[in-house]
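Descriptive structure summary
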Amino acid sequence: MILIRRSLLILLLICLGCVAQSAPPDVARKIERQVRSFYTIPADVKVTVGAVTPSTDVPGYDAVTVNIDGGEGKRKDYKFLLSKDRATLLRVTKFDLNKDPFAELMSKIDVAGRPSRGAKSAKVVVINFDDFECPFCSRMHQTLFPEIFKEYGDRVTFIYKDDPLFEIHPWAIHAAVDANCLAAQNTDAYWDFADYIHTNKGEVDTEKTPAARFAAIDKITLLQGQKHNLDAAKLQSCVKAQKEDAVRASMKEADDLGVNGTPALFINGQKLDGAVPISEVRAALDAALKDAGQPVPQHEQSAATPASR
């Protein structure tokens, strides 16, 4: 019985060896050099060529995985096709036409509890990953509100998510936390804060010390609380606590979605990077409305806004 089990194990290992084989060193070296050259991968990033297996998609080719490891958890596998004669390497992107990539992307964005502006339960949703200290975000915000909002507010839902680039914007996380403290009590207070900061961020920037900038943000926040008759004690406690968990979670979500700068808009899944011209925002909104079977608003002629990314 033991001999039979050992024989079966040996047979299984032989079969696995037929299915997956390590790339010969010379072939692995050629693959690595091609990948490094084409994708301009720095020398300190590790590139590992994996096992070669028969391709189930393209006859005459084998499949090989290349792992690119930039350290600090930045590892990713890339699939390639390798010709049987080991002379050609292909990178093929496979699309599943039975899936809607825009809908799948939107399903990955958590908007639970986020304040919204515009139409309720609209078939077109605009999600903006925002940074209160970012000058291009201010430009985009002022494009969306009031210009775009006037045209689309009755048929589109607008939602903001936090993605403060704290490495270059040191007070952005603090502002995002304060904004969420307002949102926890009143949606209008959140949007009034966003409108004010994006229009008057110079009031914060002109303060000479980080502590003074934080104090300026808190002052603006508390004034919004008074304006909207919020629970002052609750708001002050939230502002003082400066709990960043929700903001950090939103930042991670942005990273997972491939957002590498702000503003980043997702209009029913279509991504717009940077403070794009208003004409580009309109075009994306119109296309989303048409796809959703909704009427498109009439547009008045306006001067083109230069693109800034």
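Notes on the structure follow. (Residues numbered from 1 in each chain as written. Predicted model: local features only at pLDDT ≥ 70, side-chain atom pairs only at ≥ 80, totals over all residues. Heavy atoms only, no water.)

Quick word on the sheet that holds strand 8 (residues 156-162)
Inclusion rule: Only strands that DSSP links by at least two bridges are regarded as paired with each other. Helix and strand assignments follow DSSP, with helices taken as H or I runs no shorter than four residues and strands as E runs no shorter than two, numbered in order from the N terminus. Simply put, an axis is a line fit to the C-alpha atoms, just over the touching stretch for a helix, and the angle between two N-to-C directions goes from 0 to 180 degrees. What makes two residues a contact is simply this: any of their non-hydrogen atoms within 4.5 Å.
If you trace the five strands from one edge of the open sheet to the other, you get 6-8-7-9-10, paired in mixed fashion. On the outer flanks of this sheet lie strand 6 (116-118) and strand 10 (270-273), each paired with one strand and no other. Averaged over all adjacent pairs, the angle separating strand axes in this sheet is 20 degrees, with direction ignored. Both strand 7 (residues 124-130) and strand 8 contribute to a ladder of seven bridges, which runs parallel. Within strand 8, the residue paired with V124 across the bridge is V156. Against the sheet, helix 4 (residues 135-152) contacts strand 6, strand 7, strand 8 and strand 9 (264-267), and its axis sits at roughly 165 degrees relative to strand 8.

Focus on the environment of G293
The following threshold applies: The classification of residues rests on relative accessible area computed with a 1.4 Å probe and restricted to protein chains. Under 20% of the type maximum is buried, over 50% is exposed, and intermediate values are partly exposed.
Tracing the backbone shows G293 in the segment after helix 11 (278-291). Using a relative accessible area of 61% as the deciding quantity, one classes G293 as exposed. Residues G293 and V281, spaced 12 residues apart in sequence, show a C-alpha to C-alpha distance of 18 Å.

Some points on the pairing of strand 4 (residues 75-83)
Across nine bridges, the pairing between strand 3 (residues 61-69) and strand 4 is antiparallel. Looking at the pairing, I68 lines up with K76 of strand 4. With antiparallel pairing between neighbouring strands as the criterion, strand 3 and strand 4 make up a hairpin whose turn holds five residues, including G71 at a positive phi of roughly 80 degrees. Bridge analysis of strand 4 against strand 5 (residues 89-90) gives two bridges, and the strand direction is antiparallel. Paired with L82 across the strands is L89, a residue of strand 5. Counting the residues in the hairpin turn of strand 4 and strand 5 gives five residues, including R86, whose phi is positive at 60 degrees.

Topic: the nonpolar core
The line we're drawing: Joining through side-chain atoms within 4.5 Å is the link that ties buried Ala, Val, Leu, Ile, Met, Phe, Trp, Tyr and Cys residues into a set, and such a set is a nonpolar core.
Counting 44 residues, the largest nonpolar core has F132, L144, F193, I267 and L285 as its most contacted members. Sort the elements by how many residues they give to this core and helix 5 (residues 172-183) lands first, with seven residues. When sequence neighbours within four positions are dropped, the list of residues in contact with I267 reads V124, V125, V126, L272, V281, A284, L285 and A288. Counting residues in each nonpolar core, the second largest holds 15 residues, with V35, V47, V49 and V66 among its members.

Read these as geometric descriptors, not functional statements.
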